[in-house]
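The residues making up each chain are set out below.
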Amino acid sequence: MEFIKAHATRIYALAVAVLALTAHFVPSLPSVLILGVVAAALGTGEAVQRIEDGKTVAAAVRPEL
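Throughout what follows, the structure given in this document is the object of discussion. Computed from a prediction, not measured in an experiment: that's the story for all the values here.

**Regarding a nonpolar patch on the surface**
- On the surface, M1, F3, I4 and I11 cluster together into a nonpolar patch covering about 450 Å² of accessible area.
- Here F3 lies in helix α1 (residues 2–6).
- A relative accessible area of 55% means that F3 is categorised as exposed.

**Topic: the pattern of salt bridges**
- Scanning the model with the defined rule gives 2 salt bridges in all.
- With a shortest N-O distance of 3.1 Å, R50 and E46 are connected by a salt bridge. In this pair, R50 and E46 both sit in helix α3 (residues 31–61), 4 residues apart, roughly one turn of the helix.
- Judged by its relative accessible area of 57%, R50 falls in the exposed class.
- The exposure class assigned to E46 is partly exposed, which follows from its relative accessible area of 35%.
- Put simply, K55 and E52 hold a salt bridge, and the shortest N to O gap is 3.2 Å. Separated by 3 residues within a single helix, K55 and E52 lie in helix α3, roughly one turn from each other.
- A relative accessible area of 33% means that K55 is categorised as partly exposed.

**Some remarks on the environment of V18**
- Turning to its location among the elements, V18 is positioned in helix α2 (residues 8–25).
- Along the backbone, V18 and A47 are 29 residues apart, and their C-alpha atoms lie at a distance of 19 Å.

**As for α3**
- Spanning 31 residues, α3 covers 45 Å between terminal C-alpha atoms, matching the ideal 45 Å at 1.5 Å per step.
- For α3, every residue scored as buried is listed here: A41, G45 and V48.
- For α3, the secondary structure elements touched by its buried residues are α2.

**Considerations on the packing of α2 against α3**
- Between α2 and α3, the shortest axis-to-axis distance is 10 Å and the interhelical angle comes to 165°. By the angle between their directions, the pair α2 and α3 is classed as roughly antiparallel. Viewed along their axes, α2 and α3 form a crossing whose handedness is left-handed. Residues A8, T9, Y12, V16, L19 and A23 of α2 touch α3, and the partners they reach there are I34, V37, V38, A41, L42, T44, G45, V48, I51 and E52.

Cut-offs and rules
Residues numbered from 1 in each chain as written. Predicted model: local features only at pLDDT ≥ 70, side-chain atom pairs only at ≥ 80, totals over all residues. Heavy atoms only, no water. Patch = residues over 30% accessible without salt bridge, like charges linked within 9 Å, V, L, I, M, F, W, Y side chains within 5 Å. Areas by Shrake-Rupley, 256 points an atom, 1.4 Å probe, with all protein chains shown as cover. Salt bridge = Lys/Arg side-chain N within 4 Å of Asp/Glu carboxyl O. Helix = DSSP H or I, 4+ residues; strand = E, 2+ residues; numbered from the N terminus. Buried < 20%, exposed > 50% of the residue type's maximum accessible area, 1.4 Å probe, protein only. Expected span 1.5 Å × (residues − 1). Contact = heavy atoms within 4.5 Å. Axes fitted to C-alpha atoms, helices over the stretch in contact; angles between N-to-C directions. Parallel < 35°, antiparallel > 145°, perpendicular 65-115°, else oblique. Left-handed = near helix turned anticlockwise from the far one by under 90°.

This is the structure:
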């Protein structure tokens, strides 16, 4: 779990890139399926943003010199 918290943005970016490549190279996928996964990715993006905001707040409260 620590790995995911430490690298949430990178993992999210990789997942979205794979999603985009899959949608491009597999045209037989139903568009409804693609839109559902895109909606889930947007929700995950919100979670990633909250993790990054938490890191920022933690750094502001306890700056390491």
